[in-house]
Amino acid sequence: GNSVTQMEGPVTLSEEAFLTINCTYTATGYPSLFWYVQYPGEGLQLLLKATKADDKGSNKGFEATYRKETTSFHLEKGSVQVSDSAVYFCALSVYLYNQGGKLIFGQGTELSVKP
Amino acid sequence: DGGITQSPKYLFRKEGQNVTLSCEQNLNHDAMYWYRQDPGQGLRLIYYSQIVNDFQKGDIAEGYSVSREKKESFPLTVTSAQKNPTAFYLCASSIEVGGSNQPQHFGDGTRLSIL
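Residues numbered from 1 in each chain as written. Chains lettered and ligands numbered in written order. Predicted model: local features only at pLDDT ≥ 70, side-chain atom pairs only at ≥ 80, totals over all residues. Heavy atoms only, no water.

Let's talk about the overall build of chain A
Here comes step 1: Assigned secondary structure in chain A consists of zero helices and twelve strands.
Here comes step 2: Along the chain direction, N to C, the helices and strands of chain A fall in the order β-β-β-β-β-β-β-β-β-β-β-β.
Here comes step 3: Compactness check: chain A gives a C-alpha radius of gyration of 14 Å against a globular reference of 13 Å for 115 residues, within 12% of the reference.
Here comes step 4: Seen through its principal axes, chain A has C-alpha atoms that stretch 45 × 30 × 20 Å. (Helix = DSSP H or I, 4+ residues; strand = E, 2+ residues; numbered from the N terminus. Rg over C-alpha atoms; globule rule 2.2 N^0.38 Å.)

Put into structure tokens, the structure is as follows:
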């Protein structure tokens with residue numbers, strides 16, 4: 001079946017540290033991959049996406065590369081800020097008959113950045 | 001500005017009561033979704049609608065019902081049959097063109113609690 005596995009949190013970093021949040025997936029077919037971010041008490045916001053192998057998604061200093069050979073989509077940022085503190089969700093989307101582009105989420109990784 | 005509006009932000013349900021969560025979008029998206037989020041977990045799909053007057057059950061539809069009478073609106077009713085309704089409910093929408101590479105856009109959620 002289709003599934004997403006993320007590294008467990010919480011992840012605590014100091015400001016300006018390097019961030020990696022691991023994400024691996026299993027999927028039938030050719031999924032699209034997404035990272036979403038959720039700030040406290042809010043809904044999810046799309047952070048970046050990649051739709052095919054070797055694509056790199058990037059936004060606000062965050063990057064992730066679609067690695068088909070390792071079935072991974074790790075999120076990275078070179079220098080985190082306190083404002084990056086949030087929960088990050090990795091997700092994949094496959095087209096299923098009668099369910100359209102269904103999103104399957106990992107369990108989320110909480111990031112806390114200290115000044 | 002285009003977006004998704006969920007209301008109310010907080011909702012309380014008494015035992016044996018049905019409650020309805022509102023979701024409205026002005027993005028002209030065809031597809032709409034309802035997710036449930038429990039603490040420390042990813043999102044689970046409750047119901048999904050590709051077009052007006054059509055919807056399908058997701059992974060955890062028992063105890064919930066929906067309608068899609070207008071393109072802009074996709075209300076979710078949490079019935080008394082849902083024995084553990086306390087959760088954060090998120091509505092989302094996407095352009096549905098038969099593929100899986102379009103991201104979903106989320107509302108800010110409704111937090112439902114039992115009185």
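Picking up after the structure, the text goes on.
Here's the deal with the state of the cysteines
Residue and element names in this part refer to chain B.
Here comes step 1: Applying the stated criterion to the full structure yields two disulfides over all chains.
Here comes step 2: A disulfide bridge connects cysteine 23 with cysteine 91, and the sulfur atoms are separated by 1.9 Å. On the sign convention where negative means left-handed, the S-S torsion of about -75° between cysteine 23 and cysteine 91 marks this disulfide as left-handed. On the criterion of sequence distance, the pair formed by cysteine 23 in strand S3 (residues 19–25) and cysteine 91 in strand S9 (residues 87–94) is long-range, its members being 68 residues apart. (Disulfide = S-S within 2.5 Å.)

Here's the deal with the packing of aromatic side chains
Here comes step 1: If you walk through the whole model with that rule in mind, you get 13 aromatic pairs over all chains.
Here comes step 2: Ring centres of tyrosine 36 of chain A and phenylalanine 106 of chain B lie 5.4 Å apart, and the angle between their planes is 80°; on these two criteria the pair is classed as edge-to-face. With tyrosine 36 of chain A in strand S5 (residues 32–38) and phenylalanine 106 of chain B in strand S10 (residues 105–106), the pair connects residues from two separate chains. Across the pair, exposure class does not vary: tyrosine 36 of chain A and phenylalanine 106 of chain B are buried alike.
Here comes step 3: On the basis of an interplanar angle of 90° and a centroid distance of 5.6 Å, the ring pair of phenylalanine 105 of chain A and tyrosine 35 of chain B is categorised as edge-to-face. In this pair, phenylalanine 105 of chain A is assigned in strand S11 (residues 100–105) and tyrosine 35 of chain B in strand S4 (residues 31–37), connecting two distinct chains. Pair check on accessibility: phenylalanine 105 of chain A and tyrosine 35 of chain B agree, each one buried.
Here comes step 4: Grouping aromatic residues by their ring pairs yields a cluster made of Phe34, Tyr36, Phe89 and Phe105 of chain A together with Tyr33, Tyr35, Tyr48 and Phe106 of chain B.
Here comes step 5: Directly above the ring of phenylalanine 74 of chain B sits arginine 68 of chain B, whose terminal nitrogen or CZ lies 6.0 Å from the centroid. (Phe/Tyr/Trp six-rings, centres within 6.5 Å; stacked < 30°, edge-to-face > 60°. Buried < 20%, exposed > 50% of the residue type's maximum accessible area, 1.4 Å probe, protein only. Lys NZ or Arg CZ within 6 Å of the ring centre and 35° of its normal.)

A short note on the interface of chain B and chain A
Here comes step 1: Counting residues at the interface gives 27 residues for chain B, matched by 25 residues for chain A.
Here comes step 2: Carbon and sulfur atoms make up 51% of the area that chain B and chain A hide from each other, which totals about 1,900 Å².
Here comes step 3: Connecting chain B to chain A are zero salt bridges.
Here comes step 4: Broken down by secondary-structure element, the contributors of at least two residues to the side of chain B that touches chain A are S4, strand S5 (43–49), strand S6 (56–57) and S9 of chain B.
Here comes step 5: In the side of chain B that touches chain A, the residues fall into nine nonpolar, 13 polar and five charged. (Contact = heavy atoms within 4.5 Å. Buried area = accessible area lost by both parts, 1.4 Å probe. Salt bridge = Lys/Arg side-chain N within 4 Å of Asp/Glu carboxyl O. Nonpolar A, V, L, I, M, F, W, Y, C, P; charged D, E, K, R; others polar.)

Examining the sheet that holds strand S8 (residues 76–78) of chain B
Residue and element names in this part refer to chain B.
Here comes step 1: A sheet is described by the order of its strands in space; here four strands give the open sequence S1-S3-S8-S7, paired in antiparallel fashion. Each edge of the sheet is formed by a strand with only one pairing partner; in this case those strands are strand S1 (4–7) and strand S7 (64–66). Shown here is a sheet whose adjacent strand axes are inclined to one another by a mean of 20°, direction ignored.
Here comes step 2: Across three bridges, S7 lies against S8 in antiparallel orientation. Bridging from a neighbouring strand, serine 65 pairs with threonine 77 of S8. (Pairing = 2+ DSSP bridges. Axes fitted to C-alpha atoms, helices over the stretch in contact; angles between N-to-C directions.)

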